[in-house]
Amino acid sequence: MTTRVPAVDQELVEAAAQVASTRCRGDNHTMAAAARARDGRIVTAVNAYHFTGGPCAELVLIGTAAAQGVYELDTIVAVGDRERGVVPPCGRCRQVLLDYFPTLEVIVGEAGRMRAVPVGDLLPASYVWADHQLDA
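Residues numbered from 1 in each chain as written. Predicted model: local features only at pLDDT ≥ 70, side-chain atom pairs only at ≥ 80, totals over all residues. Heavy atoms only, no water.

Visitor: So what's going on with helix α3 (residues 91-100)? Residues and values would help.
Guide: Turning to α3, its buried residues are Cys93, Arg94, Leu97 and Leu98. Seen from one end, α3 has its buried residues packed into an arc of 130°, which puts them on one side. Close packing links the buried residues of α3 with α2 (57-67) and β3 (73-80). (Buried < 20%, exposed > 50% of the residue type's maximum accessible area, 1.4 Å probe, protein only. Helix = DSSP H or I, 4+ residues; strand = E, 2+ residues; numbered from the N terminus. Arc of directions from axis to C-beta. Contact = heavy atoms within 4.5 Å.)

Okay, structure coming up:
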């Protein structure tokens with residue numbers, strides 16, 4: 001029995017790869033992210049590396065999206081510079097993405113084996129921030 005893998009938003013992967021190859025220069029910007037908004041728009045961003053721990057591309061993308069009036073994202077992907085391909089989000093990004101967009105799909109995997117998975121699947125037995133807030 002074969003399991004059918006859902007189609008990946010290839011346009012999104014290509015948008016992130018394009019930004020990674022054209023906008024990531026030097027050590028300050030090494031990752032690009034692209035996300036599809038609920039209305040179909042694509043938002044892109046790059047990380048802001050700093051030795052004190054700058055924000056990842058996924059986190060910069062959340063702010064960029066909000067600055068453009070986008071508050072609902074369906075799918076996100078991160079791509080490394082120097083043709084490193086799709087890179088899964090780090091632990092901090094997984095938690096933040098889950099808290100901001102609990103229904104978000106995240107594209108992970110290598111070329112030819114990419115798949116979109118629910119962000120919650122990347123954090124089994126996760127802490128959901130909203131579940132622990134006191135009602136006002």
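Visitor: Explain the pairing of strand β5 (residues 105-108) to me, and be specific about the residues and the numbers.
Guide: Here two bridges tie β3 to β5, and the two strands are oriented parallel to one another. Paired with Ile76 across the two strands is Val106, which belongs to β5. Here β5 pairs with strand β6 (residues 115-118) via four bridges, running antiparallel. Bridge pairing in β6 places Val108 opposite Arg115. The loop that links β5 with its antiparallel partner β6 comprises six residues; one of these, Gly109, has a positive phi angle of about 105°. (Pairing = 2+ DSSP bridges.)

Visitor: Run through the packing of α2 against α3, naming residues and quoting values.
Guide: Taken N-terminus to C-terminus, the directions of α2 and α3 make an angle of 30°; their axes are 9 Å apart at the nearest point. Between α2 and α3, the interaxial angle falls into the category roughly parallel. Note on element contacts: α3 touches α2 through Arg92, Cys93, Val96, Leu97 and Tyr100, opposite Glu58, Leu59 and Ile62. Among the residues making up the contact of α2 with α3, the classes are represented as six nonpolar, no polar and two charged. (Axes fitted to C-alpha atoms, helices over the stretch in contact; angles between N-to-C directions. Parallel < 35°, antiparallel > 145°, perpendicular 65-115°, else oblique. Nonpolar A, V, L, I, M, F, W, Y, C, P; charged D, E, K, R; others polar.)

Visitor: Account for the nonpolar core, naming residues and giving values.
Guide: The nonpolar side chains of soluble globular proteins are, as a tendency, buried together. Counting residues in each nonpolar core, the largest one holds 26 residues, and the members touching the most others are Leu61, Leu73, Ile76, Leu97, Leu104 and Val106. Those elements that place two or more of their residues in this core are β1 (31-37), β2 (42-46), α2, β3, α3 and β5. For this core, the element with the most residues is α2, which contributes five residues. With residues up to four places along the chain from it excluded, the contact list for Leu104 reads Leu73, Asp74, Thr75, Ile76, Leu97, Val117, Pro118 and Val119. By size, the runner-up hydrophobic cluster in this structure holds 16 residues, among which are Ala15, Ala16, Ala32 and Val86. (Core = buried A, V, L, I, M, F, W, Y, C linked by side-chain atoms within 4.5 Å.)

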